[in-house]
There are 2 protein chains.
Amino acid sequence: MISILRLGHRLHRDDRISTHCGLVARALGAQEIIYSGDKDDKMIEGVERVKQRFGGRFAVSYQPNWRKVITNFKKKHYTLVHLTCYGLPLQKKITSIKKNKKLLVIVGSEKVPGEVYQESDYNIAVTSQPHSEIAALALFIEGYLGKKALTKTFPKAKVKIIPQERGKKVID
Amino acid sequence: MISILRLGHRLHRDDRISTHCGLVARALGAQEIIYSGDKDDKMIEGVERVKQRFGGRFAVSYQPNWRKVITNFKKKHYTLVHLTCYGLPLQKKITSIKKNKKLLVIVGSEKVPGEVYQESDYNIAVTSQPHSEIAALALFIEGYLGKKALTKTFPKAKVKIIPQERGKKVID
C-alpha cells in the first residue's frame, strides 16, 4: 500500500511536474496521491481525467495542511519515506523499507521544511545527484514493488492501449 | 553508451519537463542529451549548470533537425529505442535490447511523428499507461544499466552531496 504526499505544489510553475507525479503514482501501482501547497483544481482534474478514462482505483485529493496528512498517516501506522537527494541511497535501504506494508512517500518541491526530514522514518536518495522528483518517485515505487510496478492491471478502463511493435492501437 | 534525443521541445510549456529529462539522463548514466523542437538556450544552460557544479562527463546540445540526428546515429550503428506507451512492454524486450552496446533513446513530447515509430528498432512502453517521459526514461535507463544507474560517480565535481539519515550535508 503506497500513498504519495506531494508537498508545496505551486500554481502554473509546478503544473506539469505535479501532474506527472500523480500519473506515475497511478501507473506504477500507488493507491493515492495527496497534493499540498497551492490549490490547483485544474491540475487535479487532469489526473482524475486520466483515471476515469484508463481505469483502476486511485484516489486524488488536496490537503492544504501537510502536517495534518503526516499526523494522520502516522496514526494509521504508515512508514514515512521522504525522497530527497540528501538522503541515504535507495539501494542500501530498500530491503529494510520493504519490511513495511504501508508507506507514505513524500515528494517535495523546491524547498522542503526541515520538519519533513525529522518526521520521516526514511530520507531516501535515488542517486545523490539533482534530477527529478518524478524519476525518483518512479524508481522508488519500482524498487519497492518490483516487477508488479510495470504489470499492474486497471479494471473498468474506458480506453486501453494494446502494445504494438510499431504504431498505435487503442481500444475505446 | 546511451545518448538521448528529446523530440519536440516547446518553449515555456516543456521547460521543466525537458530539464528533468536532461538531469535524469545525466544522473543515471547516459552520456548525452540532444534537444530538438524549439531552441531554448535558457533551458539548456540550466542542465549545463548542474553538470558544471556536480561534475561528470555529459554532453548537452541542440539540433533543430531531429531527422539528421537519427540518420547520424544509424550511421554510427546505434540501436534506436523510442519510448512510447503504445510500444511493447519494457520487461519483455529489455533482454534483447541489452545485447546492443550503443543506444539512442528517443523521448517525445505531445505528438511524435509516425516516422519515429518506423525508424526505431524498438518502440518500448514503460507500462501501457499514460504517465511521464521523465519516469519512462528513468526506468528504461535503470532497466538497461541495472545497479550501475544508481551508483555512478561524477569526477571533477565542485559540489558533492554526502548521504545523510536526516538533514543535508554538501561539500563545496
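The preceding data block contains the structure.
Residues numbered from 1 in each chain as written. Chains lettered and ligands numbered in written order. Predicted model: local features only at pLDDT ≥ 70, side-chain atom pairs only at ≥ 80, totals over all residues. Heavy atoms only, no water.

## Considering the interface of chain A and chain B
Move 1: At the junction of the two partners, chain A supplies 53 residues and chain B supplies 53 residues.
Move 2: Of the roughly 4,600 Å² buried between chain A and chain B on both sides combined, carbon and sulfur atoms contribute 62%.
Move 3: In terms of surface lost to chain B, no three residues of chain A exceed A:Arg16, A:Tyr86 and A:Arg166, which account for 16% of the buried area on that side.
Move 4: The interface formed by chain A and chain B includes two salt bridges. (Contact = heavy atoms within 4.5 Å. Buried area = accessible area lost by both parts, 1.4 Å probe. Salt bridge = Lys/Arg side-chain N within 4 Å of Asp/Glu carboxyl O.)

## Let's talk about the sheet that holds strand E6 (residues 122-125) of chain A
Residue and element names in this part refer to chain A.
Move 1: Read across the open sheet, the six strands follow the order E3-E2-E1-E5-E4-E6; overall the sheet is parallel. The outermost strands of the open sheet, each flanked by one partner alone, are strand E3 (59-62) and E6. On average, adjacent strands in this sheet sit at an angle of 30° to one another, irrespective of strand direction.
Move 2: Summarising the sheet, strand E4 (residues 79-89) and strand E5 (residues 103-107) pair through five bridges and their orientation is parallel. Bridge pairing in E5 links Val81 to Val105. (Pairing = 2+ DSSP bridges. Helix = DSSP H or I, 4+ residues; strand = E, 2+ residues; numbered from the N terminus. Axes fitted to C-alpha atoms, helices over the stretch in contact; angles between N-to-C directions.)

## A word on the state of the cysteines
Move 1: Using the criterion set out here, one finds zero disulfides over all chains in the structure.
Move 2: Here B:Cys21 stays free of any disulfide, with the sulfur of A:Cys21 as its closest cysteine sulfur at 13 Å.
Move 3: Judged by its relative accessible area of 0%, B:Cys21 falls in the buried class. (Disulfide = S-S within 2.5 Å. Buried < 20%, exposed > 50% of the residue type's maximum accessible area, 1.4 Å probe, protein only.)

## Some points on the packing of helix H1 (residues 15-28) of chain B against helix H6 (residues 133-145) of chain B
In helix packing, the relevant descriptors are the interaxial angle and the interaxial distance, both defined with respect to the helix axes.
All names here are of chain B.
Move 1: At a closest axis distance of 9 Å, the pairing of H1 and H6 adopts a crossing angle of 15°. Considered as vectors, H1 and H6 are oriented roughly parallel to each other. Note on packing geometry: the crossing formed by H1 with H6 is right-handed. Between H1, through Ile17, His20, Cys21, Val24, Ala25 and Leu28, and H6, the contact on the second element is made entirely by Glu133, Ile134, Leu137, Ala138, Ile141 and Leu145.
Move 2: For the contact of H1 with H6, the residue count by class is ten nonpolar, one polar and one charged. (Parallel < 35°, antiparallel > 145°, perpendicular 65-115°, else oblique. Left-handed = near helix turned anticlockwise from the far one by under 90°. Nonpolar A, V, L, I, M, F, W, Y, C, P; charged D, E, K, R; others polar.)

## Examining the pattern of salt bridges
Residues and elements named next belong to chain A.
Move 1: If you walk through the whole model with that rule in mind, you get 18 salt bridges over all chains.
Move 2: Measuring nitrogen to oxygen at the nearest pair gives 3.8 Å for the salt bridge that ties Lys51 to Glu48. Taken together, the residues span about one helical turn, with Lys51 and Glu48 both in helix H2 (residues 41-54) at a distance of three residues.
Move 3: Among the residues examined, Glu48 registers a relative accessible area of 21% and is labelled partly exposed.

## A closer look at the packing of aromatic side chains
The description of an aromatic ring pair uses the distance of the two centres, along with the angle that the planes make with each other.
Residue and element names in this part refer to chain B.
Move 1: What the rule picks out here adds up to four aromatic pairs over all chains.
Move 2: Taking 6.2 Å as the distance between ring centres and 10° as the angle between the ring planes, the aromatic pair formed by Phe140 and Tyr144 counts as stacked. Separated by four residues within a single helix, Phe140 and Tyr144 lie in helix H6, roughly one turn from each other. Here Phe140 and Tyr144 have matching classes, each one buried. (Phe/Tyr/Trp six-rings, centres within 6.5 Å; stacked < 30°, edge-to-face > 60°.)

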